[in-house]
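# A look at the structure
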Amino acid sequence: RHSAGRLFLGALEALADASRPPPPAPLPARRAFGGGGAGGGGACGASRCTAPAWRSRSVRGDAKGANTAAVRVPWSSELLPLPQPPTPPPTPPPQRSPPSPLPPPSPPRPPRGSYLTPSLAAWADASPYSLSLDRVETVLDVLTTLETYVDGSLTARVVHSSGGAAGGVVSEGQGYGLLLVGSLVAAMPRSSADRAELLSAGYELFRGWRLMCERTVADSCQASHFCGEDESHECLPSWKFDDAVTAEAGTGSAPDGDEDAILGMLLLVLGTQGDDPRPSWWDEVARWTYQSCRAFLHHLSDDHPSLKASNGQPLRALKLGSCWGGWDCSNPSYHAPAHYRAFRDYMAAFAPDFGSSASEASELAPTWDALIETSQLILDEAQCDATGLIPNWWVPSEGTSSIGQPGTPGCSGSGTPGAEFGSEAARTAWRVGLAALWYDDAAAIAWSQKMALHVEVTLETDGSLDTGCQVDSIHPGWQSNGFMVGPIATSLMIGHVASGLADPEQQTALNNLAATIQTMSVTDYYSGCWVAIATTTLSGDLSSLAPLVRSMGGSSPPLGEDASPPPPPPPSPPPQALSSPPPPPPPSPSPPSGTPSLPSLPPSPSPPAGSEPPSPAPPPPLVPQPDEYQDLFTCIAGCFVESGFLEESGNANVDSVIAALAAAGVDLQGLTAGEEDSTDTEPTISRAAAIVLAAAGGFAVGILSALLALFLARKLCPPAEAAARKTTSFDKTGTRVAGHV
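First, a word on scope: everything that follows refers to the structure included in this document. (Residues numbered from 1 in each chain as written. Predicted model: local features only at pLDDT ≥ 70, side-chain atom pairs only at ≥ 80, totals over all residues. Heavy atoms only, no water.)

### Points about the overall build of the protein chain
Our working rule: Going along the chain from the N terminus, every DSSP run of H or I of four or more residues is numbered as a helix, and every run of E of two or more is numbered as a strand. Note on exposure labels: buried denotes an accessible area under 20% of the residue type's maximum, exposed denotes more than 50%, and partly exposed covers the range between, all computed with a 1.4 Å probe on protein chains only. Throughout, a contact is declared for two residues whenever any of their heavy atoms are within 4.5 Å. Only the protein chains shown count as cover for residues, and all accessible areas are computed by the Shrake-Rupley method using a 1.4 Å probe.
Of the regular secondary structure elements, the protein chain holds 21 helices and 14 strands. Considering the protein chain as a whole, with its 741 residues, one finds that 53% of them fall into the buried category. Within the protein chain, counting contacts between residues at least 6 apart in sequence, those at least 24 apart form 73% of the total. Entry remark: accessible area of the protein chain is about 31,000 Å², with carbon and sulfur atoms responsible for 57%.

### A closer look at unusual backbone geometry
Pro-277 follows Asp-276 through a cis peptide bond whose omega is 5 degrees. If you trace the backbone, Pro-277 turns up in the loop between helix H6 (255-272) and helix H7 (282-299). Even without being glycine, Ser-414 reaches a positive phi, approximately 60 degrees. With respect to the helices and strands, Ser-414 occurs in the loop between helix H9 (360-382) and strand S11 (420-421). Accessibility expressed as a relative area gives 47% for Ser-414, which makes it partly exposed. Phi at Cys-469 is positive, roughly 55 degrees, even though this residue is not glycine.

### Notes on the state of the cysteines
Stated formally: In plain terms, two cysteine sulfur atoms within 2.5 Å form what is called a disulfide here.
Enumeration over the complete set of coordinates arrives at four disulfides. A disulfide bridge connects Cys-221 with Cys-323, and the sulfur atoms are separated by 2.1 Å. One quick way to see it: the torsion about the S-S bond of Cys-221 and Cys-323 is about 110 degrees, and its sign makes the bridge right-handed. Of this pair, Cys-221 sits in the loop between helix H5 (195-214) and strand S7 (240-241) while Cys-323 sits in the loop between strand S10 (314-318) and helix H8 (337-354); the two residues are 102 residues apart in sequence, bridging distant segments of the chain. Given a relative accessible area of 36%, Cys-221 falls into the partly exposed group. Through a disulfide, Cys-384 is tied to Cys-469; the S-S separation comes to 2.1 Å. On the S-S bond that ties Cys-384 to Cys-469, the torsion sits near 50 degrees, and the link is right-handed. Of the two residues, Cys-384 sits in the loop between H9 and S11 while Cys-469 sits in the loop between helix H11 (442-460) and strand S12 (473-474), which places them 85 residues apart along the sequence. Cys-384 gets classed as buried once you look at its relative accessible area, which sits at 1%.

### Observations regarding helix H3 (residues 130-143)
In plain terms, the rule: Any helix carries an expected span of 1.5 Å times its number of residues minus one.
If you check H3, its first and last C-alpha atoms are 20 Å apart, about what 14 residues at 1.5 Å a residue would give, namely 20 Å. Counting buried residues along H3, 13 of its 14 residues qualify, which places the element largely inside the surrounding structure.

### Concerning the side chain of Thr-490
As for its placement among the helices and strands, Thr-490 is situated in helix H12 (residues 482-494). The residues touching Thr-490, leaving out its near neighbours within four places in the chain, are Ala-429, Trp-430, Gly-433, Leu-437, Thr-537 and Leu-538.

### Focus: the side chain of Ser-238
Considering the arrangement of structural elements, one finds Ser-238 in the loop between H5 and S7. Excluding its chain neighbours within four sequence positions, the residues that come into contact with Ser-238 are Met-212, Thr-216, Glu-248, Gly-250, Thr-251 and Gly-252.

### Structural notes on the packing of aromatic side chains
Test applied: Here a Phe, Tyr or Trp ring, Trp counted by its six-membered ring, pairs with any other such ring whose centre lies within 6.5 Å, and the pair is stacked when the planes are under 30 degrees apart, edge-to-face when over 60, and tilted otherwise. In this scheme, Lys NZ or Arg CZ marks a charge over a ring once it lies within 6 Å of the ring centre and within 35 degrees of the ring normal.
Here the structure, examined in full by the defined rule, presents 15 aromatic pairs. On the basis of an interplanar angle of 40 degrees and a centroid distance of 5.7 Å, the ring pair of Phe-296 and Tyr-340 is categorised as tilted. You can see Phe-296 sitting in helix H7 and its partner Tyr-340 sitting in helix H8, a full 44 residues away along the chain. Taking 5.5 Å as the distance between ring centres and 75 degrees as the angle between the ring planes, the aromatic pair formed by Trp-430 and Trp-530 counts as edge-to-face. Taken together, the positions of Trp-430 in helix H10 (residues 427-439) and Trp-530 in helix H14 (residues 525-538) put the pair 100 residues apart, joining distant regions of the chain. Side by side, Trp-430 and Trp-530 carry an identical accessibility label, which is buried. Here a set of aromatic residues connected by ring pairs shows up, and it is made of Tyr-203, Phe-206, Trp-281 and Trp-288. If you follow Arg-278 out to its NZ or CZ, it ends over the ring of Trp-282, 3.9 Å from the centre.

### Concerning the sheet that holds strand S8 (residues 248-250)
Quick reminder of the rule: By the convention used here, strands pair only if DSSP detects at least 2 bridges between them.
Here we have three strands laid out as an open sheet, ordered S6-S7-S8, and antiparallel in their pairing. Of all strands in the sheet, those with a lone pairing partner are strand S6 (169-170) and S8, marking the two edges. Here two bridges tie S7 to S8, and the two strands are oriented antiparallel to one another. Within S8, the position partnered with Phe-241 by the bridge is Glu-248.

### Re the nonpolar core
Spelled out, the test is: Nonpolar core, defined: a set of buried Ala, Val, Leu, Ile, Met, Phe, Trp, Tyr and Cys residues in which side-chain atoms within 4.5 Å join the residues together.
In this structure, Phe-421 and Trp-438 are the most contacted members of the largest nonpolar core, which totals 152 residues. Broken down by element, this core gets its largest block of residues, ten residues, from H5. If sequence neighbours within four positions are ignored, Trp-438 has contacts with Leu-263, Leu-267, Ala-338, Leu-542, Ser-543, Leu-545, Ala-546, Val-549 and Arg-550.

### Notes on the pairing of strand S9 (residues 301-308)
Across four bridges, the pairing between S9 and S10 is antiparallel. Looking at the pairing, Asp-302 lines up with Ala-317 of S10. What sits between S9 and S10 in their antiparallel hairpin is a turn of five residues, with Gly-312 showing a positive phi close to 90 degrees.

### Notes on the packing of H9 against H11
Selection criterion: Angles here are taken between N-to-C directions and fall from 0 to 180 degrees, while the axes themselves are lines fitted to C-alpha atoms, restricted in helices to the stretch in contact. Every angle not falling under 35 degrees, over 145, or within 65 to 115 is termed oblique; those three ranges are roughly parallel, roughly antiparallel and roughly perpendicular. Here is the rule for handedness: rotate from the far helix to the near one, and if that takes an anticlockwise turn smaller than a right angle the crossing is left-handed, while a clockwise turn gives right-handed.
Across the interface, H9 lies against H11 with an axial gap of 11 Å and an inter-helix angle of 20 degrees. Here H9 lies roughly parallel to H11, going by the angle between them. The crossing of H9 and H11 is left-handed. Together, Gln-376, Leu-379 and Asp-380 of H9 and Ala-443, Ala-444 and Trp-447 of H11 make up the contact between the two elements.

### Some words on H11
Along an α-helix, a turn takes 3.6 residues, which lines up residues three or four apart on a common side. Condition: We call two N or O atoms a polar contact when they sit within 3.5 Å, provided that within protein one can donate a hydrogen and the other can accept it, with sequence-adjacent residues counted only if both atoms are side-chain atoms.
The first and last C-alpha atoms of H11 sit 27 Å apart over 19 residues, in line with the 27 Å expected at 1.5 Å per residue. Along H11, 14 of the 19 residues are buried, which leaves the element largely enclosed by surrounding structure. Between the side-chain oxygen at the start of H11 and the backbone nitrogen of Ala-443 there is a gap of 3.3 Å, and the oxygen is on Asp-441.

### Here we look at the pattern of salt bridges
The line we're drawing: One side-chain nitrogen of Lys or Arg within 4 Å of one carboxyl oxygen of Asp or Glu is enough to make a salt bridge.
Using the criterion set out here, one finds 20 salt bridges in the structure. Arg-294 is the salt-bridge partner of Glu-360, the closest N and O atoms lying 3.2 Å from each other. With Glu-360 in helix H9 and Arg-294 in helix H7, the pair connects residues that are 66 residues apart, well separated along the chain. For Arg-294, a relative accessible area of 5% corresponds to the buried category. For Asp-385, the salt bridge identified is with Lys-450, shortest N-O distance 2.7 Å. Linking Asp-385 in the loop between H9 and S11 with Lys-450 in helix H11, this pair joins segments that are 65 residues apart in sequence.

Dropping the structure here:
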């Protein structure tokens, strides 16, 4: 906060780095990214010397890449039989084709935020967008086909699924496809040679989604809030169709597929809004996206009968579909706070063009805020504080007991065990993490930190995640399944953002999971799509969209093609959980009937109308408060003094440093109380602080003493929880079994 302090800390950090041993080496990549298999780009890797197959044909197979039926020629209905050649003998890898001319330089990418990305060479040295593009093109090649749209043209691209409750075309898979293509279109520069192909694929995927909506004829519990130019179609399709999308195979919508599809359409619109000219389909997709946001809020969330959010609106729970779920049963991995912020802000930006009235979006904004707040409350209560893990299913504590016991994983669906941290629950890490990456959301950062710490420790030991709290089992082989390891890796990008300190062990853990993801191929819709989503996330491509997404809410200017990237933000406390202007307070200070046990997120105070803006508060003191750093000082005393890293100085020097601390404004009264009668062989907290300062010699004066204590405590000794993790384990109920700090 002060330039002198930053210079001082920078000099000390350089000295500390020079004397610190190097961090643990990450696991090496087991093969080059994109080499061989369905998940890569053949011998050319990230360079892609040949066009992907989806550009010239569409495959109708079993969604696992076993293309045994036929090849569908684009823009026609002719089916050509596939030849069945004998298995060829092994051949040497093909030679690289001559390098093609370099494309014109693209504008600089927005700077990566204060989060981690893999430092492995295959990730860090890859050209911009190449890793994500390889994965997205493989998804299009292996998992999608073009089907006949209602107008008779072969223009509806659909994602085929398999496994579990899936099969045919499911809204979840279609949503993943739209999300992947939409995010990459929005991230890539307009000058990219691949962008035109992706724009075509994005509109084809939208046509596939619209086809599902138009062929939803069974009762979907949607009697209003429709989509289309004449608003005659459901915006939220039945969750399952046959492979040709000619008939429903499962009825009722599913919010996980709906929210990802809407977000993908939203990014497709934002990414092309500045094109000149815009694509011919822009108005169609932009209108459908707006109408879908409105329908999502109306049909897929449910008010609590009595409890209120911090803005006075009823708490609003996400449902499990347009026809069921909500307060009686919830799936934590469906909750997507970042999506809902984007939907709210999109409606605010486009209500004048597509809303039923110009004020529609502002009228619905408090309801969106209540949904965002309620989702975070449910996510917080379902998460195990000791491990950061979460069950597949959950009955909210303030919900009804019609299905299961409130406050437990007492309900389930989709064939997944309710109390397992499994194939559904793992997705929660990505959905919550996106709110941290896009909006710097404090609640999302704190939520992610808990999981990141446990995953990091797990990867340092035997690789087995712990059960505890309401989680009684872990999906077998979590590190070998893309739908587990992919979203979980997102938490490791965010783990220590709030502290602003790099953690070599966290970086190593992230590198290890990135190396695992690197070896995975795209052969089925669920695991394969999560491998692709993880690649776009870990590479920083998805996070680079934060300025574009936040520009809808007015929090940052739109990032145009020629705009200069915004400078990195200065260190500051995380913003409030909601990025929109603070909602009005509840009409009455008295609590609503039936006070919730779920904690409410307090609204941000705003100055009264017409009043002068308050003068800026003085900067907080730079001295560490004793109660904040007791554990850190204890760790320094217990770890460094006993190990010989620091030696105790004479009492006169110690006393003089304590006096210097007191002169700097640090109240040591609470720390020294009872010190004379202590028989503990460990140094006391105040002596530990003095030992650190005494070791600094001439710096033990005034404010420099306090700065050095803060620096050494934070830089050389991890926070208390991170220090305790080395010898802390958890029993089967999730209770900490403390070790010696």
